Amino acid sequence: MSLRGKFEVTASKTASDGTVFEVLELQELKAYWNTSAAERLYFANKTGMKAKMVRIRIENSKIRLEPGALYFMQGNLEMKTSSGGGMMKGLLRKTLSGETFWVNEISGTGDIYLEPTFGHYFLHDIGGLEGGVIVDKGFFYAGSGDLDISICKQKKISAGFFGGKGFFQTKISGIGIAVVLSPVPLDEVEIMDLSGGKLSVDGPFAFMRSENVEFAVQKSSKSWFSTSVSGEGFLHTYSGSGKVWMAPTQSIYERLTYVPVGMGAAGGRGGGGGGDEDDGDYDYDDGDDD
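Rules and cut-offs
- Counting restarts for each chain: residues are numbered from 1 in the order of the written sequence.
- Since the coordinates come from a predicted model, pLDDT governs what is reported: local features require at least 70, and pairs of side-chain atoms require 80 or more to be given and counted, while whole-chain, interface and lining totals use all residues.
- Computation of side-chain values: all heavy atoms of the structure, hydrogens and water removed.
- Among buried residues, the Ala, Val, Leu, Ile, Met, Phe, Trp, Tyr and Cys ones that are joined through side-chain atoms within 4.5 Å form a nonpolar core.
- Exposure is judged per residue with a 1.4 Å probe applied to protein chains only, and the accessible area is read against the type maximum: over 50% gives exposed, under 20% gives buried, and values in between give partly exposed.
- Numbering of helices and strands runs from the N terminus; a helix is a DSSP stretch of H or I covering at least four residues, while a strand is a stretch of E covering at least two.
- Between two residues, a contact is recorded if the distance between any of their heavy atoms is within 4.5 Å.
- At least two bridges found by DSSP between two strands are what make those strands a pair.
- Aromatic pairs are defined between Phe, Tyr and Trp rings, using the six-membered ring for Trp, whenever the two ring centres lie within 6.5 Å; interplanar angles under 30 degrees are classed as stacked, those over 60 as edge-to-face, and all others as tilted.

Draft legend 1. Layout of the nonpolar core. Judged by nonpolar contacts, the single largest core of 19 residues is most densely connected at Phe21, Ile56, Ile63, Leu65, Ile112, Leu114 and Val179. When contributions to this core are tallied by element, the ones reaching two or more residues are strand E2 (20-26), strand E3 (52-65), strand E5 (103-114), strand E6 (120-126), strand E8 (140-144) and strand E11 (176-182). For this core, the element with the most residues is E3, which contributes 5 residues. Excluding its chain neighbours within four sequence positions, the residues that come into contact with Phe21 are Ala11, Ser12, Lys13, Ala15, Arg55, Ile56, Ile63, Leu123, Gly143, Ser144, Ile177 and Val179.

Below, the structure is given as structure tokens:
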């Protein structure tokens, strides 16, 4: 299938087995029959939002997908579902890291297209000098067939309790290309090279790190008193040799999409609360007992 002229290839990487991973970006969504969707589409186009999908081209090889990632495929291809390394490994991955129990493998020769989205992908080389990476839950989307997707236990107990990432994360290792989700546009991702130093972050917006980088949660100051009055509390710290991928603008987008309590009912969108469901008015106590 040809998408020439409709999509622009904005990123491309080739794995050692010849598998080609590409991020395709639709230049413009032109029309839709629903006027409400057309209104949102108008503002999406005005703000520069682009629909994207990942195309993977394989030739006598295989890839691995998260369930639900496949959009369509063309060619001499076969898909099978497995636990990704045995029942126990799949169960541990599902129970501890929050990833899916089942994984899909597609083998043969042809083109595979993943679900379109307004979200963001980046293609990352796994292996070599940098080794594997550790990502937040749900951020691995697809990859070469030789990649190993496993769980990684937090080495520091503080990271499990206060890090906002749980006690287990997803580790991607082996040799190949991984399709990783990004919470922000790629030009807003900051890659910090620690080189044996230390990185302190106020918030959980570092979403990926090299496997040799250690994650912990520490007091912002040496004393508990200073920590309690500093306004910072606990900081996420990363140390060791390797890189950390951060999304510093993530909290801004989260604030923009946050609907205050009551706004859901007032706007007729559901959720929220704070007003009567029939008219969206707010109830309040004026202090009069009569």
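Draft legend 2. Just the pairing of strand E17 (residues 243-246), in detail. Here strand E12 (residues 190-193) runs beside E17; their pairing, made up of 4 bridges, is antiparallel. The partner of Asp193 across the bridge, within E17, is Lys243.

Draft legend 3. Region of interest: the packing of aromatic side chains. Summed over all chains, the structure comprises 7 aromatic pairs. Ring plane angle 65 degrees and centroid distance 6.2 Å describe the contact between Phe122 and Phe207, whose orientation is recorded as edge-to-face. With Phe122 in strand E6 and Phe207 in strand E14 (residues 206-210), this residue pair connects regions lying 85 residues apart in the sequence. Residue class for Phe122 comes out buried when judged on its relative accessible area of 12%. Among the aromatic side chains, those forming a connected cluster through ring pairs are Tyr71, Phe72 and Tyr113.

Nothing here speaks to function; it is geometry throughout.
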